[in-house]
Amino acid sequence: MEDQRHQAGTGVQLDSGQTAVPGATAVERTAPETTVYACAACGAALTVPLKRLPAVPEAPDHAWWEAEEMGPSPATVPSGCYAIETEPYGPPLVVAEEPGPVMPRHGTRYDVDGRPLVSQGPRGNIVMNPDDCRGLTMRHASAACCGATPDGGLNQVCACGTLVATLCSDCCLPYELHLSPEHVQALSSP
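Let me sum up the structure you'll find in this document. Per chain, the residues get numbers from 1 upward, laid out in the order the sequence is written. Given that the model is predicted, a residue must reach a pLDDT of at least 70 before its local features are reported, and side-chain atom pairs must reach 80 or more before they are shown or counted; all residues, however, enter totals for whole chains, interfaces and linings. The side-chain values count all of the structure's non-hydrogen atoms but skip hydrogen atoms and water molecules.

**Observations concerning the nonpolar core**
Note the threshold: Throughout, nonpolar core names a set of buried Ala, Val, Leu, Ile, Met, Phe, Trp, Tyr and Cys residues whose side chains join them through atoms within 4.5 Å. Whether a residue is buried, partly exposed or exposed follows from its accessible area with a 1.4 Å probe, protein chains only, as a fraction of its type maximum: under 20%, in between, or over 50%, in that order. Here a helix means four or more residues in a row that DSSP labels H or I, a strand means two or more in a row labelled E, and each is numbered from the N terminus. Contacts between residues were defined by any pair of non-hydrogen atoms, one from each residue, lying within 4.5 Å.
Judged by nonpolar contacts, the single largest core of 16 residues is most densely connected at Val164, Leu177 and Leu179. Among the elements that line this core, the one with the most residues is strand β14 (residues 163–168), at three residues. When near neighbours in sequence (up to four residues on either side) are disregarded, leucine 179 contacts Tyr37, Thr47, Asn125, Ile126, Met128, Val164, Ala165 and Val184.

If you want it as structure tokens, here you go:
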């Protein structure tokens, strides 16, 4: 390859579609940085490499009541990506003065006395496509007709037994996995 860099001409084609500039000593290739999330307790990788999005996307419109087969809605976050949730997510749910979404991308909820509820759960969750996680199993999820809800908090456990994430997979809710920033660690990947 060194001989190719010193050849005369307007440029030499290198591997991976790179072009060397005559007289240059090195060709740098910049790849987008990705992150793999691992269990903070045992270090086991829990995700595929993921690229960060600037914000959590809006949940896709999904007429779950018209679906031919019951199951999760389309994923909020595209495969291979993640975003940081800036709003409270998950329990505890507390009485609010005004009705509004109980959690981001969720509808309005009320307590038994008809008062609106909102989340006072943690901020900073890592939101990703549930299909991009590895090695997690369900533990005590708040049940719904076809999947899990975030109402009970952390419901995904690592192989070491540590609760690390909250799966939201019921048909009438956004399809998302929320990794707890207190229970996972980020590993950079080139």
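**A few points about the pairing of strand β8 (residues 116–119)**
Rules: Whether two strands pair depends on DSSP finding at least two bridges between them.
Where strand β6 (residues 93–95) meets β8, three bridges bridge the pair, whose relative direction is antiparallel. Paired with valine 94 across the strands is valine 118, a residue of β8. The sheet contact formed by strand β7 (residues 109–110) and β8 spans two bridges and is antiparallel. Directly across from arginine 109, in β8, lies its bridge partner leucine 117.

**Some details on the sheet that holds strand β5 (residues 81–84)**
Taking strand neighbours across the sheet as the criterion, the seven strands line up as β4-β5-β9-β15-β14-β13-β10 in an open arrangement whose pairing is mixed. In this open sheet, the two edge strands, each paired with only one partner strand, are β4 (51–52) and β10 (137–138). Strand direction decides the pairing type here: strand β13 (residues 156–157) and β14, joined by two bridges, are antiparallel. Residue glutamine 156 lies in a different strand from β14, and its bridge partner there is alanine 165.

The quantities given are spatial measurements derived from coordinates; they are silent on function.
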